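Each chain is listed here by its residues.
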Amino acid sequence: MDIIAHSHIAVLVDLLLSDYQKHRNNLGAFGEYTIAVPSKSIENWLTSEIVKRIGISSGIRFESLHKLLNSALRCGSDEYSGLVDKQQLSAILFKLLSDLNEKEIGSGHSLIVLKTWLDKQNQAESLAQLCHSIADTFELYQIYRPDWLDAWADNKVVLDNEAELWQGELWRLICAELPESALLHREQLTSAFEVMVEHSEGNAFKGLTQLAIFGVNQLDAATLAQVRLMGGQLPVC
């Protein structure tokens, strides 16, 4: 795996296109050069830059890195359904909080903070916004605080404060809604990824001949570990 850093982004685009040209002749009629980007805005900007430099290019596919890794696991493993993503979390949260909104609960209930907030809001719009905000928070915990999620799933206390009380209870309710094969955070995904690659006999990433990651300033440890595993079977830069 090659890691390239430079203070001028134009230099990085030139290097990316050099790598693209190197692989282009090996793509075949239906092959694709895969570029993982962190956002749609970077994809749009990079597409524009590529067109400026070499004209309308063929055989380039843009992907979200985490979606690509998750899809690779789903394709290569019969045991796991993949990492729970923000969209799934939002949908489950909407169901759980809609049910909570219809209930009467006492002041000592662990979710009373959420119930009190919901009672004061414009219900439909505020509920959706709250679900997206909490899903964002849990997604960050999946990356940076997997130990908290494991502890909460086992009904253990980590921080011993009011926020943890309702977040821990909500996480346990989310876990109860998920299939047993779901992976709850990135460390679990990495472990499953290792097993999948180990048993793949070199065919873990069907349809990929290479991977270029562009515009990513840093990767969390779990994602970096997965990319390194991928780099053992195909060119990654």
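Analysis parameters
Residues numbered from 1 in each chain as written. Predicted model: local features only at pLDDT ≥ 70, side-chain atom pairs only at ≥ 80, totals over all residues. Heavy atoms only, no water. Core = buried A, V, L, I, M, F, W, Y, C linked by side-chain atoms within 4.5 Å. Buried < 20%, exposed > 50% of the residue type's maximum accessible area, 1.4 Å probe, protein only. Helix = DSSP H or I, 4+ residues; strand = E, 2+ residues; numbered from the N terminus. Contact = heavy atoms within 4.5 Å. Phe/Tyr/Trp six-rings, centres within 6.5 Å; stacked < 30°, edge-to-face > 60°. Salt bridge = Lys/Arg side-chain N within 4 Å of Asp/Glu carboxyl O. Pairing = 2+ DSSP bridges. Axes fitted to C-alpha atoms, helices over the stretch in contact; angles between N-to-C directions. Parallel < 35°, antiparallel > 145°, perpendicular 65-115°, else oblique. Nonpolar A, V, L, I, M, F, W, Y, C, P; charged D, E, K, R; others polar.

**Q** Pulling in residues and values, what's your account of the nonpolar core?
**A** By size, the foremost hydrophobic cluster in this structure holds 28 residues, and its most contacted members are Leu97, Leu114, Ile134, Phe138, Leu170, Trp171 and Ile174. Listing elements by their share of this core, those giving two or more residues are helix H4 (86-102), helix H5 (112-119), helix H6 (123-144), helix H7 (146-153) and helix H8 (162-177). Looking at this core, the element that brings in the most residues is H6, giving 7 residues. Discounting chain neighbours no more than four positions away, the residues touching leucine 170 are Leu93, Leu96, Leu97, Leu111, Leu114, Ile134 and Phe138. Among the nonpolar cores identified, the runner-up in size contains 21 residues, and Ala192, Met196, Leu211 and Val227 belong to it.

**Q** I'd love a proper account of the packing of aromatic side chains, names of residues and values included.
**A** The final tally for this structure, using the stated rule, is 6 aromatic pairs. Measuring from centroid to centroid gives 5.3 Å for tyrosine 20 and tyrosine 33, while their planes differ by 75°, and the two rings are edge-to-face. Residue tyrosine 20 is located in helix H1 (residues 9-24), and its partner tyrosine 33 is located in strand S1 (residues 33-37); the two are separated by 13 residues in the primary sequence. Per residue, the accessibility class of tyrosine 20 equals that of tyrosine 33, and both read buried. On the numbers, 6.0 Å between centres and 65° between planes, the contact of phenylalanine 138 with tyrosine 141 is edge-to-face.

**Q** Explain the pattern of salt bridges to me, and be specific about the residues and the numbers.
**A** Overall, the coordinates contain 12 salt bridges when judged by the stated rule. In this structure, lysine 22 and aspartate 19 form a salt bridge, with 3.5 Å as the shortest nitrogen-oxygen distance. Taken as a pair, lysine 22 and aspartate 19 lie in helix H1 at a separation of 3 residues, close to a single helical turn. The closest approach of N and O atoms between aspartate 99 and lysine 95, which form a salt bridge, is 3.8 Å. Note that aspartate 99 and lysine 95 are positioned in helix H4 at a spacing of 4 residues, about one turn of the helix. Judged by relative accessible area, aspartate 99 falls into the partly exposed class, the value being 38%. Bridged by salt links that share partners, the residues Asp14, Glu49, Lys52 and Arg53 form one connected network.

**Q** Please set out the sheet that holds strand S5 (residues 212-213) residue by residue, giving values where relevant.
**A** Spatially, 3 strands are ordered S2-S1-S5 in an open sheet, and the strand pairing comes out parallel. Strands with a single pairing partner mark the edges of an open sheet, and in this sheet they are strand S2 (60-64) and S5. Two elements, S1 and S5, share 2 bridges in a ladder whose sense is parallel. Paired with isoleucine 35 across the strands is alanine 212, a residue of S5. In the packing of H1 onto the sheet, contacts are made with S1, S2 and S5, and the angle to S1 comes to roughly 155°.

**Q** Can you break down the packing of H7 against H8 residue by residue, with the values?
**A** Put simply, H7 and H8 touch, their axes get as near as 9 Å, and they point 75° apart. By the angle between their axes, H7 is roughly perpendicular relative to H8. Across the interface between the two elements, Leu149, Trp152 and Ala153 from H7 touch Glu164, Gln167, Gly168, Trp171, Arg172 and Cys175 from H8. Tallied by class, residues from the contact of H7 with H8 come to 5 nonpolar, 2 polar and 2 charged.

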